[in-house]
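A closer look at the structure
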Amino acid sequence: NPRSPLRKVVETHPSSRKITAINAIRSYSAEQTEIYSIMPPSPPSITYEILSEQNATTTNAIIEHYSTSSEFLSLAKSEGDGILQRDDEDASKLQKGIDIAKEKGVLDP
């Protein structure tokens, strides 16, 4: 009900401005929380400590930090493609070596 006795007391009380301010802050805070839940979190800073770990944490921090960089994504794709190409070449050379070893009787056919 719009004009309850409690509401009338609160509105006429000298601290009603304080209550209104607190409610405005709560409303603003709720709006900000909603906005932050939509926005992705900012990437963690790359610190000396993270870099000195030289492990998956370091790799993940760097990837996350540069994940929006088109240059980084292009470099990552290029490097990934190069690794796959070298793996294919290695597999081909290994198979040739296995075939030669089988022909010479070093390995069972």
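Because the structure is a prediction, the values reported are computed rather than measured.

1. A few points about the overall build of the chain
- Assigned secondary structure in the chain consists of five helices and zero strands.
- Each helix and strand of the chain, ordered N terminal to C terminal, gives the series α-α-α-α-α.
- In the chain, which comprises 109 residues, the share counted as buried stands at 8%.
- Of the roughly 9,600 Å² that the chain leaves accessible, carbon and sulfur atoms contribute 59%.

2. Focus on the side chain of Thr58
- Inspection of the secondary structure assignment puts Thr58 in helix α4 (residues 56-66).
- Among the residues examined, Thr58 registers a relative accessible area of 7% and is labelled buried.
- Here Ile50 takes part through its backbone oxygen, which lies 2.5 Å from a polar atom of the side chain of Thr58.
- The residues contacting Thr58, other than those within four sequence positions of it, are Ile50, Leu51 and Glu53.

3. Let's talk about the pattern of salt bridges
- Applying the stated criterion to the full structure yields one salt bridge.
- Two residues, Lys77 and Asp81, come together in a salt bridge whose shortest N-O distance is 3.0 Å. Of this pair, Lys77 and Asp81 both sit in helix α5 (residues 70-103), four residues apart, which is roughly one turn of the helix.
- Asp81 sits in the partly exposed class, given a relative accessible area of 40%.

4. Description of unusual backbone geometry
- Even without a glycine there, the phi angle at Gln54 is positive, about 50 degrees.
- In this structure Gln54 comes out as exposed when scored by relative accessible area, which is 70%.

5. Regarding a negative patch on the surface
- A contiguous patch of negative charge, built from Asp87, Asp88, Glu89 and Asp90, is present on the exposed surface.
- Along the polypeptide, Asp90 turns up in helix α5.
- On the basis of relative accessibility, which here comes to 48%, the residue Asp90 falls in the partly exposed class.

6. As for α5
- If you check α5, its first and last C-alpha atoms are 50 Å apart, about what 34 residues at 1.5 Å a residue would give, namely 50 Å.
- Note on α5: the residue one or two positions beyond its end, Gly105, has a positive phi of about 80 degrees.

7. Focus: the confidence of the model for the chain
- Averaged over every residue, the pLDDT of the chain is 75; residues scoring 70 or more account for 60%.
- Ignoring residues within four places in sequence, the model shows residues 3-11, a span with pLDDT below 50, making five contacts including any to other chains.

8. Let's talk about the environment of Leu107
- When you line up the elements, Leu107 lands in the segment after α5.
- The exposure class of Leu107 is partly exposed, given its relative accessible area of 37%.
- The residues contacting Leu107, other than those within four sequence positions of it, are Ile98, Ala101 and Lys102.

Scoring rules and cut-offs
Residues numbered from 1 in each chain as written. Predicted model: local features only at pLDDT ≥ 70, side-chain atom pairs only at ≥ 80, totals over all residues. Heavy atoms only, no water. Helix = DSSP H or I, 4+ residues; strand = E, 2+ residues; numbered from the N terminus. Buried < 20%, exposed > 50% of the residue type's maximum accessible area, 1.4 Å probe, protein only. Areas by Shrake-Rupley, 256 points an atom, 1.4 Å probe, with all protein chains shown as cover. Polar contact = N/O pair within 3.5 Å; in protein donor to acceptor, adjacent residues only side chain to side chain. Contact = heavy atoms within 4.5 Å. Salt bridge = Lys/Arg side-chain N within 4 Å of Asp/Glu carboxyl O. Patch = residues over 30% accessible without salt bridge, like charges linked within 9 Å, V, L, I, M, F, W, Y side chains within 5 Å. Lys, Arg positive; Asp, Glu negative; His and termini not counted. Charge placed at Lys NZ, Arg CZ, Asp CG, Glu CD. Expected span 1.5 Å × (residues − 1). pLDDT = per-residue confidence, 0-100.

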